[in-house]
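A look at the structure
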Amino acid sequence: MRVLGLLAALVLAACSSGSESPAPAGSPPAAGSPAAGAIAVTLQEWAVVPASASAAAGDVTFQVSNTGPEDVHEFVVLKTDLDAGALPTDDTGAVVEAGEGIEVVDEIEDIPVGESQDLTVSLEAGKYVLLCNIYSAEEQEAHYALGMRTNFTVE
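So, a few notes on the structure that sits alongside this text. (Residues numbered from 1 in each chain as written. Predicted model: local features only at pLDDT ≥ 70, side-chain atom pairs only at ≥ 80, totals over all residues. Heavy atoms only, no water.)

Now for the environment of Val64. Along the polypeptide, Val64 turns up in strand E4 (residues 58–68). Between the alpha carbons of Val64 and Val48 there is a distance of 9.6 Å; along the sequence they are 16 residues apart. Dropping the residues within four chain positions of it, Val64 is found in contact with Val41, Leu43, Phe75, Ile108, Ile111, Glu115, Ser116 and Gln117. (Helix = DSSP H or I, 4+ residues; strand = E, 2+ residues; numbered from the N terminus. Contact = heavy atoms within 4.5 Å.)

Here it is in structure tokens:
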């Protein structure tokens, strides 16, 4: 719904008369104009692919796109010294986000195929894991267990 509201606001702004006004604070950059310092991240079956494996400490904006081709994905940022493939999981294969040695920084839930969302987080120097932690009971598949995870470093 947030995306639809944002699109409606952009359409109204584009259709209004007068001089061009800047986008409202907190709006994602216009398509084709990535924010300075932003890191593009592609979610796909079955990988999390950031354009860079590291970033400088401070505010980091992840521009997350779900290229599918079939499944809804989420984007979770965890601070942890554990390797991306060694996180504690439950009996379904999903990560136990309250597990020892894990701090959930933030996340974007349920990004439909073909859609994108931005997430800006303040990150301290250290090791992180970027992942999709969706478990589909219908398909009996944990996206993390299928490989949707990657290490990320903040310097």
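After presenting the structure, the write-up continues.
On to the nonpolar core. Counting 22 residues, the largest nonpolar core has Phe62, Phe75, Leu123 and Phe152 as the members making the most contacts within it. If sequence neighbours within four positions are ignored, Phe152 has contacts with Ile39, Ser52, Ala53, Ser54, Ala55, Phe62, Leu123, Gly126, Lys127, Tyr128 and Leu130. (Core = buried A, V, L, I, M, F, W, Y, C linked by side-chain atoms within 4.5 Å. Buried < 20%, exposed > 50% of the residue type's maximum accessible area, 1.4 Å probe, protein only.)

On the basis of which strands lie adjacent, the open sheet formed by four strands has the order E2-E1-E4-E7 and mixed pairing. With one partner strand each, in any of the chains shown, strand E2 (47–50) and strand E7 (116–123) form the two edges of the open sheet. Ignoring strand direction, the axes of neighbouring strands in this sheet form an average angle of 25°. Taken together, the eight bridges between E4 and E7 define a ladder with antiparallel strand orientation. The partner of Gly58 across the bridge, within E7, is Leu123. (Pairing = 2+ DSSP bridges. Axes fitted to C-alpha atoms, helices over the stretch in contact; angles between N-to-C directions.)

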